[in-house]
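The primary structure of each chain is shown beneath.
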Amino acid sequence: MKLYAALVTLSLIWGMSFYFIKVLVEDLGPWGIVFVRCTLGALTLLFIILIKRKGLSLKVLPWKALLLVGLLNALLPWGLIAISETRISSSMASIVNATTPIWTSVIGVLLFSITLKFKQWMGIIVGFIGILVLIDLNVTQLINEDLIGMGTMIAATLCYGYCSQFTKRHLQGVSVMMISLITLITGAIGSLAIMGVTGSIFSLNQVASWSALIAIVGLGVFGSGLAYLLFYYMIQKGSAEFATFVTYLVPITAMFWGWFLLDEHIPAHAILGLVLILGGVYLSTRKTVKNEPLAASAINSKNKGVLYDK
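In this report, the structure presented in the accompanying data block is examined.

Scoring rules and cut-offs
- Residues numbered from 1 in each chain as written.
- Predicted model: local features only at pLDDT ≥ 70, side-chain atom pairs only at ≥ 80, totals over all residues.
- Heavy atoms only, no water.
- Helix = DSSP H or I, 4+ residues; strand = E, 2+ residues; numbered from the N terminus.
- Buried < 20%, exposed > 50% of the residue type's maximum accessible area, 1.4 Å probe, protein only.
- Contact = heavy atoms within 4.5 Å.
- Areas by Shrake-Rupley, 256 points an atom, 1.4 Å probe, with all protein chains shown as cover.
- Axes fitted to C-alpha atoms, helices over the stretch in contact; angles between N-to-C directions.
- Parallel < 35°, antiparallel > 145°, perpendicular 65-115°, else oblique.
- Left-handed = near helix turned anticlockwise from the far one by under 90°.
- Nonpolar A, V, L, I, M, F, W, Y, C, P; charged D, E, K, R; others polar.
- Core = buried A, V, L, I, M, F, W, Y, C linked by side-chain atoms within 4.5 Å.
- Patch = residues over 30% accessible without salt bridge, like charges linked within 9 Å, V, L, I, M, F, W, Y side chains within 5 Å.
- Salt bridge = Lys/Arg side-chain N within 4 Å of Asp/Glu carboxyl O.
- Phe/Tyr/Trp six-rings, centres within 6.5 Å; stacked < 30°, edge-to-face > 60°.
- Polar contact = N/O pair within 3.5 Å; in protein donor to acceptor, adjacent residues only side chain to side chain.
- Disulfide = S-S within 2.5 Å.

## A short note on the overall build of the protein
Along its length, the protein carries 14 helices and two strands. Among the 310 residues that make up the protein, the fraction classed as buried is 48%. Of all intrachain contacts in the protein linking residues separated by at least 6 positions in sequence, the fraction that spans at least 24 positions is 87%. With an accessible surface of roughly 15,500 Å², the protein has 70% of that area assigned to carbon and sulfur atoms.

The following block contains the structure:
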């Protein structure tokens, strides 16, 4: 239940993130957004560490792997998403982002020797059909969008997909807090360097309005700092495929926020899409319980009699 609670909570947080990016991208620029959200996210985690009074050991860490995760799970995808939202709508960006579980599964099979069972493939397919139903099967809407905006968004999902599998394979023994903190610090330093090279450093006057400040806090503190704690927790305790299923829920939660905050209407096809998406999540993550053979039980008296077929 904790994993599913984390999944829903993260989807609610990231459902607002695409809106916040749209609010800020004109004033901050793509890499300014990455810098702000990574810096605030890292400061949020450092504050939590200070409150808990629990130090983090920097010794014997897989630094190369951690830096690669920071590059592919923060710096590049967040920059690409921000670039995408200069050309396509935030709702369309969230829908394209929902293809992440598909890329995660394909990359896992092709590059990480992951074997997916039939029910997992079915869950991915059902979830994707749910996304199509969510947009009322308007595939032409996807085709008619800006190709550069769509391309950068797909590139971001590929980064997420590869990095999720890489994290599960190579960072299983590293704490969630450490992975999240180094990811965000890497993104902050990298985006600052890119702004310096391109001469696109923003001024504080550009974010002086209340709407911009709210968007910065929402994107940095919640959408980056707290969100990545949940994301890496789901990868370590569940799987890369499970964690990236959050992107199937993000378009739904974006609609929810529109209804809750802006009194926007939620059409019937969106409800059907939600049911299909949740069904896809369930199919892909459900554990099958089998009775253990009697002989194996006799050999190992400590075994409790069930095997979990993941």
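## Topic: the packing of helix α3 (residues 63-84) against helix α10 (residues 210-237)
α10 packs onto α3 with a crossing angle of 130° between their chain directions and a minimal axis gap of 14 Å. In this view, α3 runs oblique relative to α10, as classed from their interaxial angle. Taken as a pair, α3 and α10 cross one another with a handedness that is right-handed. Of α10, the residues touching α3 (which contributes Val-69, Asn-73, Ala-74 and Trp-78) are Ser-224, Tyr-228, Phe-231 and Tyr-232. Looking at the contact of α3 with α10 residue by residue, the class counts come to six nonpolar, two polar and no charged.

## Examining the nonpolar core
Across soluble globular proteins, nonpolar side chains show a tendency to be buried alongside one another. Within the largest apolar cluster, 85 residues are counted, with the highest numbers of intra-cluster contacts made by Trp-14, Trp-78 and Tyr-228. For this core, the element with the most residues is helix α1 (residues 2-28), which contributes twelve residues. Setting aside chain neighbours within four positions, we find Trp-14 in contact with Arg-37, Gly-223, Ala-227, Tyr-228, Phe-231, Val-246 and Val-250.

## Quick notes on the environment of Thr-157
Mapped onto the secondary structure, Thr-157 falls in helix α8 (residues 147-170). Those residues within four positions of Thr-157 in sequence are excluded, and the remaining contacts are Val-96, Asn-97, Thr-99, Thr-100 and Trp-103.

## Quick word on a nonpolar patch on the surface
Where nonpolar side chains cluster on the molecular surface, the patch consists of Val-109, Leu-110, Leu-111 and Trp-121 and spans about 400 Å² of accessible area. Among the elements that make up the nonpolar patch, the one with the highest residue count is helix α5 (residues 100-111) (three residues). By the secondary structure assignment, Leu-110 is in helix α5. The exposure class assigned to Leu-110 is exposed, which follows from its relative accessible area of 65%.

## Observations concerning the environment of Gly-127
Following the sequence through the fold, Gly-127 ends up in helix α6 (residues 118-134). Its relative accessible area of 0% is what places Gly-127 among the buried residues. Sequence separation between Gly-127 and Leu-278 is 151 residues; the distance between their C-alpha atoms is 7.2 Å. Apart from the residues lying within four places of it in its own chain, the contact partners of Gly-127 are Tyr-248, Leu-276, Ile-277 and Gly-280.

## Some words on the packing of aromatic side chains
A complete count under the given rule lists ten aromatic pairs for this structure. Seen in terms of ring centroids, Trp-78 and Tyr-228 are 5.2 Å apart; in terms of plane orientation they differ by 20°. Their pairing is stacked. Here Trp-78 is found in helix α3, whereas its partner Tyr-228 is found in helix α10, with 150 residues between them in sequence. Like Tyr-228, Trp-78 is buried. Relative to Tyr-232, the ring of Phe-231 lies with its centre 5.7 Å away and its plane at 65°, an arrangement referred to as edge-to-face. On the basis of relative accessibility, which here comes to 3%, the residue Phe-231 falls in the buried class. Members of the aromatic cluster, joined through ring pairs, are Trp-14, Trp-78, Tyr-228, Phe-231 and Tyr-232.

## Details of unusual backbone geometry
You will see that Ser-113, though not glycine, has its phi angle at about 55°, which is positive. Tracing the sequence through the fold places Ser-113 in the loop between α5 and α6.

## Things to note about the side chain of Gln-236
As for its placement among the helices and strands, Gln-236 is situated in helix α10. Here Gln-236 falls in the buried class, since its relative accessible area comes to 13%. A polar contact is formed between the side chain of Gln-236 and the backbone oxygen of Val-174, at a distance of 2.7 Å. For Gln-236, the residues in contact, after removing those within four places along its chain, are Lys-168, Leu-171, Gln-172, Val-174, Val-176 and Ile-179.

## Examining the state of the cysteines
Here the structure, examined in full by the defined rule, presents zero disulfides. Cys-159 provides the cysteine sulfur closest to Cys-163, a residue in no disulfide bond, and the two sulfurs are 8.3 Å apart.

## Quick notes on the packing of helix α2 (residues 30-52) against helix α9 (residues 176-198)
When two helices pack together, their arrangement is given by the angle between their axes and by how far apart the axes lie. Contact geometry for α2 and α9: axes closest at 8 Å, N-to-C directions at 145°. The handedness of the crossing between α2 and α9 comes out as left-handed. Residues Trp-31, Gly-32, Val-34, Phe-35, Cys-38, Thr-39, Gly-41, Ala-42, Leu-45, Leu-46, Ile-48 and Ile-49 of α2 form the contact with α9, whose own contacting residues are Met-177, Ser-180, Leu-181, Leu-184, Ile-185, Gly-187, Ala-188, Ser-191, Leu-192, Ile-194 and Met-195. Grouping the amino acids of the contact of α2 with α9 by side-chain chemistry returns 17 nonpolar, six polar and no charged.

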